[in-house]
Protein chains: 2
Amino acid sequence: MRWQDIDQQPCSLARTLAIIGDNWTLLVLRDCFMGVRRFDDFQQRLGVTRHVLSDRLRKLTEGGVLDKVAYQERPLRHEYRLTAMGKELYPVIVHLAQWGDKHLAGEHGAPLTRYHRQCGEPLEAQLQCSHCGDVVKPTDIRVEENPYWKGQILVNC
Amino acid sequence: MRWQDIDQQPCSLARTLAIIGDNWTLLVLRDCFMGVRRFDDFQQRLGVTRHVLSDRLRKLTEGGVLDKVAYQERPLRHEYRLTAMGKELYPVIVHLAQWGDKHLAGEHGAPLTRYHRQCGEPLEAQLQCSHCGDVVKPTDIRVEENPYWKGQILVNC
DNA sequence: AACTGTTGGTTCCTATTTGGAACTTATAGT
DNA sequence: ACTATAAGTTCCAAATAGGAACCAACAGTT
């Protein structure tokens, strides 16, 4: 199976990764959350080649994660902004960065520290259930298959 | 810059993605969290080619996310298990899948539903600050640069 | 003893994608 | 007329992926 057909699978994770799971794409999103909006700024900060960046921005736009809007008319210039849907990916970025802070920091420590404005402490984010407010651990989650795909997803588990 | 050199950047997200940011790798991890441990099971469930799978499992093992352990001696056979470090990636998987459930589900609904055992409700996970217990929104986070890389990370923001 | 199956890969070849650099278009400023 | 800016596109060589076949080391069956 080709990676480009991965969005055909009955799996929300696979469909999500079809949009944002490419190499470079999550780094593009990192920069979006830092306020970067323009092509050349992305290109210089990431060091990615221009046509790969062009392709990733197009996929993110088609996927509804970014919005391509004109910021001037003559000459016509566009910039890329996170949509509401895109902003909902923030927890993913935070957890990925936090994991790197904890496990991959070198001798100089983590490059960035995130602080929680409300309490002023360095942020240690964790999963919380929005219904009961409890912290959620992997073993606290029970998975149920949609009857439509019965037996196709949880095979071999 | 080549993708394979991305781990040299002073960015925890980039370093994390150097290990798990490849195409297919997060789907391998999805299956790990579903209990899959063996090469052929990964291969059949993912549909990925065998040499790509071999490469990704090697990178995950070298990165400390998976542990390659022998489960029988004659003939020698290995399986791949999540390390403690690997298990800490669970929030990433949950948020990615949840985002797909919300935005990419087709007419038949989400393929899988995750329930929180403690309260029995379908899980809607959110970020929580472990210090004060508050829910964390993107705007609640203040970023501070490590003095060692002063001016190199937050440029253009 | 000879076949068949299982498991965890490796090898081979072709097709696609990436990295790097140069080029393009449309315009503003000097 | 020349230079600069912004957002790409085009070109080519090099790296990576997809697909299929092959391999090693055994176990079980005929």
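Residues numbered from 1 in each chain as written. Chains lettered and ligands numbered in written order. Predicted model: local features only at pLDDT ≥ 70, side-chain atom pairs only at ≥ 80, totals over all residues. Heavy atoms only, no water.

**Focus on the protein's contact with DNA strand D**
Move 1: The environment of DNA strand D is formed by 23 residues, the closest being A:Met1, A:Arg50, A:Arg77, A:Tyr80 and B:Arg56.
Move 2: Among atoms of DNA strand D positioned within 4 Å of the protein, sugar and phosphate together represent 54%.
Move 3: The separation between a phosphate oxygen of DNA strand D and a polar side-chain atom of A:Ser54 is 2.9 Å.
Move 4: Going through the elements one at a time, helix 3 (39-46), helix 4 (50-62), strand 1 (66-72) and strand 2 (77-82) of chain A together with helix 4 (50-62) of chain B are the ones with two or more residues in the surface near DNA strand D.
Move 5: At four residues, the largest contribution of residues to the surface near DNA strand D is made by helix 4 of chain B. (Near = heavy atom within 4 Å. Polar contact = N/O pair within 3.5 Å; in protein donor to acceptor, adjacent residues only side chain to side chain. Helix = DSSP H or I, 4+ residues; strand = E, 2+ residues; numbered from the N terminus.)

**Section: the interface of chain B and chain A**
Move 1: Taken residue by residue, the interface counts 93 residues in chain B and 93 residues in chain A.
Move 2: Summed over both sides, the interface between chain B and chain A buries roughly 8,900 Å², with carbon and sulfur atoms accounting for 63% of that surface.
Move 3: Between A:Lys102 and B:Glu88 there is a salt bridge, with its nearest N and O atoms 3.2 Å apart.
Move 4: Our count for the chain B to chain A interface comes out at 42 residue pairs in polar contact (both at pLDDT 80 or more).
Move 5: Mapped by element, the contributors of at least two residues to the side of chain B that touches chain A are helix 1 (12-20), helix 2 (25-33), helix 3 (39-46), helix 5 (84-87), helix 6 (90-104), strand 3 (112-116), strand 4 (125-129) and strand 5 (141-145) of chain B.
Move 6: With 14 residues, helix 6 of chain B is the largest single contributor of residues to the side of chain B that touches chain A.
Move 7: By residue class, the composition of the side of chain B that touches chain A is 51 nonpolar, 23 polar and 19 charged.
Move 8: The pairing of strand 4 (residues 125-129) of chain A with strand 4 of chain B spans five bridges and is antiparallel. If you follow A:Leu127 over to strand 4 of chain B, its bridge partner there is B:Leu127. (Contact = heavy atoms within 4.5 Å. Buried area = accessible area lost by both parts, 1.4 Å probe. Salt bridge = Lys/Arg side-chain N within 4 Å of Asp/Glu carboxyl O. Nonpolar A, V, L, I, M, F, W, Y, C, P; charged D, E, K, R; others polar. Pairing = 2+ DSSP bridges.)

**A short note on the UniProt feature "domain: HTH hxlR-type" (unreviewed entry) in chain A**
Move 1: Residues annotated in UniProt with the feature "domain: HTH hxlR-type" (unreviewed entry) correspond here to residues 11-108 of chain A.
Move 2: Across residues 11-108 of chain A, helical content stands at 59% and strand content at 13%; the span's end C-alpha atoms are separated by 39 Å. (UniProt positions renumbered as here; feature names shortened; annotations may be inferred.)

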